[in-house]
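Here is what each chain is made of, one letter per residue.
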Amino acid sequence: MEKLKFDIEGMSCSACSSRIQEKVRKTAGVISADVNLLSNSMAVTIDESLISSKEIIDEVISLGYKAYIHTDSTPDKYKTQSKKKLNKLLLSLILLIVLMFFAMGHLFNLSINPYVNALIQFVLTLSIIGLNFSYFTSGFKGLFKLSPNMDSLIALGATASFLYSIFAVLLTDDFIHNIYFESAGMILTFVSIGKYFESKSKSKTTEAISKLMKLSPKQTLIEKDGRETLIDTDDIKIGDTVIVKEGYALSVDGEVISGNGYCDESALTGESMPVQKDIGNKVFCGTTLTNGYIKVKTKKIKSDTTLSKIIALVEDASNSKAPIAKVADKVSLVFVPVVIAIALVTLIVWQIISGDFGSSLSFAIAVLVISCPCALGLATPTAIMVGTGKAAEDGILIKSSSALEILSKAKNVVFDKTGTVTEGKPSVSEIVIFDGFDKNLLLKITASLERFSQHPLATAVVSKYNSDDYFEVTGFESVTSKGICGIINGVKFFVGNKEYIGITDKTDVLEDIAKTGATPLIVSNGEKILGIIAVSDTIKKTSKNAVEQLHDMGITTYMLTGDNETTAEYVKSATGIENVYAQLLPDGKEKIINDLKKSGVTVMVGDGINDSPALVSADVGIAVGAGTDIAIDCADIILVKNNLDDIVTSVKLSRAVLKNIKENLFWAFFYNVIFIPVAAGVLFLPFGIRLSPMFGTIAMSLSSICVVSNALRLRKFNPHKTKENVKMKTIIIDGMMCEHCKAHVEKALNSIDGIEATVDLENKCAYINGYADNSVLKSAVENAGYTVVEIK
C-alpha cells in the first residue's frame, strides 16, 4: 500500500473535484481517493502492485484535467501562475471599462456609426475572450466529454451572448440596442474578479500550514573539520553537528551534545513557556533557541522531522473527506447538467411567452452564470482546512476530517488512568515488610526484576533503588496488567497485584495503601508475602477542570484502569470522573469501549501500549503526546502538550467546525435554490423583477467568497470564550511588555492547582479556566512582578 499526493490543474468547481474523485476511486488498484478543490490536490492510496502513479495521472487527463506528482516547488509554481492571472484580470478590466463606454454610448451622447460601434465592441469583447480563453477550453472540453463543470456554464453564457450579438448585427437593421457584447465581456471579467478574490481568501485558509513550513530555516550552520560552515538545509546529513546560536531556528531533530539554553517550542506544542535544554535533551526542527548556545547531533532530517510529520498530518486531515461532504459531492455530480437543462427550458418558455429571442436568451444566460457549484465544493474543505490548522497551532493534531466530525457528536469520554489522568511518573511512597524481612533486600529483589519491565510502576521502583548492584535474574516472565516473576539465586520471586500473587491475607494493609491513591506491588517468594511496595502517581492539575468542563458540555466521563478498585475510587473522587472500571486487562478495556459505543459516540483517551486496542475500537481515539509511539499511531487525534484541557478544546473546536460546515452548506444550497428561479424570471411577470447576466455573475462570485469568508471566522476560535465554559475569568494585567513577560505570568498562574491560564499579550490580560479565589490569582500575578488592574 502506497500513499501518493497529486496536484490537479483545471478544476473550477465541485463538479470537477467530484468527477475526478469518482473516476479515480473506481480504478482498479485504488484503495481510496480524496480530491480537495480548496488546495487543488488529490490524495490517493494505491496497491502499487496493481497500478502506478502514471496510470492515475492518465485517468485524470482522460477527464480533461492535468495532474502532477506533488513536489515542494508546487507553491512557487502557483505563485507564478497567480501573478499571470492578476495581470490578465487587470487588462480584462480595462478593456471592459472601454467596452461599457461604447455599449452605453447613448448615455454619453456618443455620436458614432452603429456599425463602427458594433465593430469596436466586437474587437474589445474578442480581446477579453482571448485573455480568459481557459474558461472556454476547460468548459467545452467538459461538455464534449459529457462531464460539464462551472467553466461550461460560463463558456455557454459568454458564447451565447457573443454569437447572438454577431447574428443581430448581421441579420437585423435596428441592432444597436439588441446586442450583448458587453454581457459576454462582463461575464468573463466579473467571474475572473470573483475567482481572484476567492483564491486570496482560500490562501488564508492554509495560513497555518504555511506558517509551519516557514519555521525551518533555508540554511544551517554546521561544524565541519572544527570550523563553522553555513550550508543549505537540504544538504544536512544524519550525524552532522549543527551549531545553534541565540535567536537561531533549528532545521533538524537531534540531541544536544554541548552547551545549554532555552528553546521556544510554541510553534509545535502551543506551549508559550521556553523549555530548558541541556546535554542529552532532544531538540526539534522549527523551534527557536531564545537564549544560550548549543551544538546538536542530527538525528532526523527533512520529511522525518517532527515538524514535517505535523505538516503532513495537517495536510492529510485537510485533504480527507468528512462524511458530511458526501451530500455536496452527490449534488455536484448532477448540478451542472441540471442547470444547463433549466437554462434551456427557460429559453424555450420565455420565447413562447414573449416572442423576443434576445430577452429570452438574457434570462437563460442569467441562469447559467448565477449558478454556483463552487460554493458547494468549498463548503466543507475550507472549514476543515481552517479548523485543523487552528488545532495544530494549539498543539492538537487531527489526522482526519472524519475524526473531527465524529468528535463533535461525542457522548462518552473514556480516560486511561496512568499517564493520562495522572502524570504517569509514579514514585515509591511507602515500603511495608512482613515477618522481619529486610527492607533494603526487598527493594533490591523487586528492582532486579522490575528493570526488565517497561511499565511506569517498574521505573518508579528502579529509580527508588538507585543502584547498579542488581541480582542476576533468570526465567523472567511478564503477564500483562498483572505482574512479573523471575528466579534469583534459585528462588522464584513474584511481583504484582493480589490476583496475580493469589493473596488471601494482608487485605487491611492493601486497603490502607489504596485509600491514599497509591498502587500496591506485592512481593512474594511463592510461599508467603515478603512485603508490599506502595507506588503513587500524582493526578494532573488539569484533570479535574477538564472533567468538569466535559460534564458542562453534556458528556459522560469514564476511567479504565488495571489498578485496584480502591485506588480507582480515590482518583474518581479527586477528579470528578463519573464512572470507573478497575482491575482491567487490555481486552477488558476494549470490551467496555464496544459496549459504550452502543449508547453514543465514544472517545478513548490514552497514552500506553495497553491502550492501543481501546484507541482503535473507540469512535475517536485520542493519544496524549507524551505517550508511546504505538498509542499515537493508533489514535485519530494527538495532544502534543499532554494537557487534558486540550480534550475540551478539541470537542469545542470540532463542534465549531461542524457548525461552520452546516452554515456553508446551507448558504450554498439556499443561494442556488433561491437565485436560480429568480434568474429564470419567475418574479418578472408578477413583480417586474429580473436579474441581468452582469448581476448574476457578481452574485455567483460573491457566493463563493461568502463561504470562504465564513470558514475564515474559525481562525478567531477561542475555547475560553465559548458559552460552554462558564468558569472563565479575565484578569487585566499591567506591566507586561514582551513574550518573556507573558511566559512569566502564564507560569505563575498555571502553577495554581486546578487553573489553566492563557495570557493575551496584545490585550494585556489573562483568561482563566478553573476554580480559584480572586486573592489567590492576584497574589500569583503580583508575586511574578506585575500589577492586577481588574478581575472580571
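Structure: see above.
Here is what the cut-offs are and how they apply
- Residues numbered from 1 in each chain as written.
- Predicted model: local features only at pLDDT ≥ 70, side-chain atom pairs only at ≥ 80, totals over all residues.
- Heavy atoms only, no water.
- Core = buried A, V, L, I, M, F, W, Y, C linked by side-chain atoms within 4.5 Å.
- Buried < 20%, exposed > 50% of the residue type's maximum accessible area, 1.4 Å probe, protein only.
- Helix = DSSP H or I, 4+ residues; strand = E, 2+ residues; numbered from the N terminus.
- Contact = heavy atoms within 4.5 Å.
- Pairing = 2+ DSSP bridges.
- Axes fitted to C-alpha atoms, helices over the stretch in contact; angles between N-to-C directions.
- Parallel < 35°, antiparallel > 145°, perpendicular 65-115°, else oblique.
- Nonpolar A, V, L, I, M, F, W, Y, C, P; charged D, E, K, R; others polar.
- Patch = residues over 30% accessible without salt bridge, like charges linked within 9 Å, V, L, I, M, F, W, Y side chains within 5 Å.
- Areas by Shrake-Rupley, 256 points an atom, 1.4 Å probe, with all protein chains shown as cover.
- Salt bridge = Lys/Arg side-chain N within 4 Å of Asp/Glu carboxyl O.
- Lys, Arg positive; Asp, Glu negative; His and termini not counted.
- Charge placed at Lys NZ, Arg CZ, Asp CG, Glu CD.
- Disulfide = S-S within 2.5 Å.
- Left-handed = near helix turned anticlockwise from the far one by under 90°.
- Arc of directions from axis to C-beta.
- Phe/Tyr/Trp six-rings, centres within 6.5 Å; stacked < 30°, edge-to-face > 60°.
- Lys NZ or Arg CZ within 6 Å of the ring centre and 35° of its normal.
- Right-handed = clockwise from strand over helix to strand, strands pointing away.

Caption draft 1: Spatial organisation of the nonpolar core. Core analysis: the biggest nonpolar cluster contains 128 residues, and Ile-8, Ile-20, Val-24, Met-42, Val-44, Ile-56 and Phe-415 have the highest contact counts within it. The element contributing the most residues to this core is helix 25 (residues 645–680), with 14 residues. Not counting residues within four places of it along the chain, the set of residues in contact with Met-42 comprises Leu-4, Lys-5, Phe-6, Ile-8, Ile-20, Val-24, Asp-34, Val-35, Ile-56 and Val-60.

Caption draft 2: Representation of the sheet that holds strand 4 (residues 66–69). As summarised here, the arrangement of the 4 strands in space is 2-3-1-4, forming an open sheet in which the pairing is antiparallel. For this open sheet the edge positions go to strand 2 (30–36) and strand 4, each flanked by a neighbour on one side alone. Pairs of neighbouring strands in the sheet enclose a mean axial angle of 25°, with direction left out of account. Pairing of strand 1 (residues 2–9) with strand 4 involves 4 bridges; the strand directions are antiparallel.

Caption draft 3: Local environment of the packing of helix 25 against helix 27 (residues 693–712). Direction vectors running N to C along helix 25 and helix 27 enclose 170°, while the axes themselves pass 9 Å from each other. Here helix 25 is positioned roughly antiparallel relative to helix 27, judged by the angle of their axes. Contacts between helix 25 and helix 27 involve Asn-660, Glu-663, Asn-664, Trp-667 and Tyr-671 on the former and, on the latter, Gly-696, Ala-699, Met-700, Ser-703, Cys-706, Val-707, Asn-710 and Ala-711. Split into classes, the residues belonging to the contact of helix 25 with helix 27 amount to 7 nonpolar, 5 polar and 1 charged.

Caption draft 4: Seen up close, a negative patch on the surface. Residues Glu-430, Asp-505, Asp-508, Glu-511 and Asp-512 make up a contiguous surface patch of negative charge. Among the elements that line the negative patch, the one with the most residues is helix 19 (residues 507–515), at 3 residues. Among the structural elements, Asp-512 can be located in helix 19.

Caption draft 5: Main features of the state of the cysteines. Throughout the structure, instances matching the rule amount to 0 disulfides. This cysteine, Cys-765, is not joined by any disulfide, and Cys-741 carries the nearest cysteine sulfur, 15 Å off.

Caption draft 6: Expanded view of the packing of helix 4 (residues 114–131) against helix 6 (residues 150–171). Two numbers describe how helix 4 lies on helix 6: the axes approach to 11 Å, and their chain directions differ by 160°. Considered as vectors, helix 4 and helix 6 are oriented roughly antiparallel to each other. Once helix 4 is placed against helix 6, the crossing between them reads as left-handed. Note on element contacts: helix 6 touches helix 4 through Phe-162, Ile-166 and Val-169, opposite Tyr-115, Ala-118, Phe-122, Thr-125, Leu-126 and Ile-129. For the contact of helix 4 with helix 6, the class distribution of residues is 8 nonpolar, 1 polar and no charged.

Caption draft 7: Geometry of helix 2 (residues 53–61). All buried positions along helix 2 are accounted for by Ile-56, Ile-57 and Val-60. Projected down its long axis, helix 2 carries its buried residues within an arc of 100°, all on one side. The inward-facing, buried residues of helix 2 abut strand 1, helix 1 (14–25), strand 2, strand 3 (41–46) and strand 4.

Caption draft 8: Looking closely at the sheet that holds strand 15 (residues 474–479). Taken in spatial order, the 6 strands of this open sheet run 14-19-18-17-16-15, and their pairing is antiparallel. One side of each edge strand has no neighbouring strand; the edge strands of this open sheet are strand 14 (427–433) and strand 15. This sheet shows a mean twist of 15° between the axes of neighbouring strands, independent of strand direction. Pairing between strand 18 (residues 519–524) and strand 19 (residues 529–536): 6 bridges, direction antiparallel. What sits directly across from Thr-519, in strand 19, is Val-535. Seen against the sheet, helix 16 (residues 439–450) touches strand 14, strand 15, strand 16 (483–488), strand 17 (491–496), strand 18 and strand 19 and runs at an angle of roughly 105° to strand 16.

Caption draft 9: A look at the packing of aromatic side chains. One pass over the structure, following the stated rule, counts 19 aromatic pairs. An aromatic cluster is defined as three or more aromatic residues linked by ring pairs; in this entry it consists of Phe-666, Trp-667, Phe-670, Tyr-671 and Phe-675. Above the plane of the ring of Phe-434 lies Lys-506, whose end atom (NZ or CZ) is 4.2 Å from the centre.

Caption draft 10: Region of interest: the pairing of strand 20 (residues 556–560). Strand 20 sits mainly inside the fold: 4 of its 5 residues count as buried. Note that strand 13 (residues 410–416) and strand 20 share 5 bridges and pair parallel. Across the sheet, the residue bridging to Phe-415 is Met-559, located in strand 20. Between strand 20 and its parallel partner strand 21 (residues 579–581), the chain crosses via helix 21 (residues 565–575), and the hand of that crossover is right-handed.

Caption draft 11: Quick look at the side chain of Asp-151. Locating Asp-151 in the fold gives a position in helix 6. Overall, Asp-151 belongs to the buried group, its relative accessible area being 6%.

Caption draft 12: Local environment of the side chain of Thr-519. Structurally, the position occupied by Thr-519 is in strand 18. Take Thr-519: its relative accessible area is 9%, and that puts it in the buried class. The contact partners of Thr-519, leaving out residues within four places of it in the chain, are Lys-417, Leu-457, Ile-533, Ala-534, Val-535, Asp-563 and Thr-567.

Caption draft 13: Local environment of the pattern of salt bridges. This structure, assessed with the given rule, holds 14 salt bridges. The salt bridge involving Lys-26 is made with Glu-22; its shortest N-O contact spans 3.9 Å. For Glu-22, a relative accessible area of 31% translates into the label partly exposed. Across the salt bridge formed by Glu-223 and Lys-295, the nearest N and O atoms sit 2.7 Å from each other. Of this pair, Glu-223 sits in strand 5 (residues 219–224) while Lys-295 sits in strand 11 (residues 288–300), and the two are 72 residues apart along the sequence. In this structure Glu-223 comes out as partly exposed when scored by relative accessible area, which is 32%. Linked through salt bridges whose partners overlap, the residues forming this network are Lys-591, Asp-595 and Lys-598.

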